[in-house]
Amino acid sequence: QVLWGVSGVDFVAHASEQSETETLLASKVVLMKSAAVPGRELSQVVLVNACEAWPETHAQYLRVIELVGQAPSDVTAGRERWKKYVSAGAQPDKLG
């Protein structure tokens, strides 16, 4: 809800995966390139996937949100990830 409660120009306090452990634990938004979140159980983490790669560990997260661009290659990659979620037993919802 942190990200949805602000306007498009507001600053959202965040940390990166290189931040100190204390900062990571205190931050509600952590920008990551890897799937591991130091000091947190993945079952309590919402993954916002902005990559083309399908997160194989998706089932371990509380929720997964996929960001898909409008370029044809982005749409194609997003559809392929959708198919992988379904074949893995997930029931994805389309929001937008």
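These numbers come from a predicted model, not from an experiment.

Trainee: I keep staring at the pattern of salt bridges and nothing clicks. Help me out?
Mentor: A side chain of one charge can pair with a side chain of the opposite charge if their charged atoms are brought near each other. For the coordinates displayed, the defined rule picks out 2 salt bridges. Of the charged contacts, one joins Glu66 and Arg81 as a salt bridge, the two residues approaching to 2.6 Å between their closest N and O atoms. Taken as a pair, Glu66 in strand E4 (residues 63–66) and Arg81 in helix H2 (residues 72–87) lie far apart in primary sequence, 15 residues in all. You can call Glu66 partly exposed: its relative accessible area is 23%.

Trainee: Please clarify how the side chain of Arg81 should be interpreted in this entry.
Mentor: A relative accessible area of 5% places Arg81 in the buried class. Of the polar contacts made by the side chain of Arg81, one reaches the side chain of Glu66; its length is 2.6 Å. If near-sequence neighbours (up to four positions away) are discounted, Arg81 is found in contact with Asn49, Cys51, Glu52, Ala53, Trp54, Glu66, Leu67 and Val68.

Trainee: Could you clarify how one ought to interpret H2 in this entry?
Mentor: Side chains that are three or four residues apart share a direction in an α-helix, a result of its 3.6 residues per turn. Compared with an ideal rise of 1.5 Å per residue, which puts 16 residues at 22 Å, H2 spans 23 Å between its outermost C-alpha atoms and is within 8% of the ideal. For H2, the full list of buried residues reads Ala77, Gly78, Arg81 and Tyr85. With its buried residues spanning 100° around the axis, H2 presents them on a single face. Counted as exposed and oriented over 90 degrees from the buried face of H2: Pro72, Arg79 and Ser87. Here the buried face of H2 lies against strand E3 (46–49) and E4. Count one or two residues on from H2 and you reach Gly89, which has phi positive near 100°.

Trainee: How should the environment of Val68 be read in this particular structure?
Mentor: Structurally, the position occupied by Val68 is in the loop between E4 and H2. By relative accessible area, which is 44% here, Val68 ends up partly exposed. In contact with Val68, other than residues within four places in its own chain, are Asp74, Val75, Gly78 and Arg81.

Trainee: So what exactly am I meant to see when it comes to a nonpolar patch on the surface here?
Mentor: Nonpolar side chains collect at one region of the surface, where Val46, Val48, Leu62 and Leu67 lie side by side and expose about 340 Å² of accessible area between them. Mapped onto the elements, Leu67 comes out in the loop between E4 and H2. Judged by relative accessible area, Leu67 falls into the partly exposed class, the value being 48%.

Trainee: Whenever I open this one, the packing of aromatic side chains confuses me. Can you help?
Mentor: The relation between two aromatic rings is expressed through the spacing of the ring centres and the mutual angle of the planes. For the structure on display, the rule yields 1 aromatic pair. Plain terms: the ring middles of Trp54 and Tyr85 are 6.0 Å apart, the flat faces sit at 70° to each other, and that makes the pair edge-to-face. Residue Trp54 is found in the loop between E3 and E4, and its partner Tyr85 is found in helix H2; the two are separated by 31 residues along the sequence.

Trainee: Looking at this model, I keep getting lost on the pairing of E3. Mind explaining?
Mentor: For a regular strand, the rule is simple: side chains alternate between the two faces of the sheet. Here E3 shows one buried face, formed by Leu47 and Asn49, and one open face, formed by Val46 and Val48. As judged from the 4 bridges shared by E3 and E4, these two strands associate in the parallel manner. Directly across from Val48, in E4, lies its bridge partner Ile65.

Each value, and the rule that gives it
- Counting of residues starts from 1 at the beginning of each chain's written sequence and follows it residue by residue.
- Residues qualify for local features only when their pLDDT is at least 70, as the model is predicted, and side-chain atom pairs are given and counted only at 80 or more; totals for whole chains, interfaces and linings, by contrast, use all residues.
- Where side-chain values are given, they derive from all heavy atoms of the structure, hydrogens and water being excluded.
- Any carboxyl oxygen of Asp or Glu within 4 Å of a side-chain nitrogen of Lys or Arg constitutes a salt bridge here.
- Strands here are runs of E lasting at least two residues and helices are runs of H or I lasting at least four, both read from the DSSP assignment and numbered beginning at the N terminus.
- We call a residue buried when its accessible area falls under 20% of the maximum for its residue type, exposed when it is over 50%, and partly exposed in between, using a 1.4 Å probe and counting protein chains only.
- Polar contact is defined as a pair of N or O atoms within 3.5 Å, subject to the rule that within protein one atom must be able to donate a hydrogen and the other to accept it, and that residues adjacent in sequence are counted only when both atoms are side-chain atoms.
- Only heavy atoms matter for contacts: two residues are in contact if any of them lie within 4.5 Å across the pair.
- Given the number of residues in a helix, its expected span is that number minus one, multiplied by 1.5 Å.
- The directions from the helix axis to the C-beta atoms are what the arc is built from.
- Surface patches are drawn from residues lacking salt bridges whose relative accessible area is over 30%; two like charges belong together within 9 Å, two nonpolar side chains (Val, Leu, Ile, Met, Phe, Trp, Tyr) within 5 Å.
- Note on areas: Shrake-Rupley with a 1.4 Å probe; residue coverage comes only from the protein chains shown.
- We call Phe, Tyr and Trp rings a pair once their centres come within 6.5 Å, taking the six-membered ring for Trp, and we label the pair stacked below 30 degrees between planes, edge-to-face above 60, and tilted otherwise.
- Strand pairing is assigned whenever DSSP identifies at least 2 bridges connecting the two strands.

So yeah, pure geometry; function would need other evidence.
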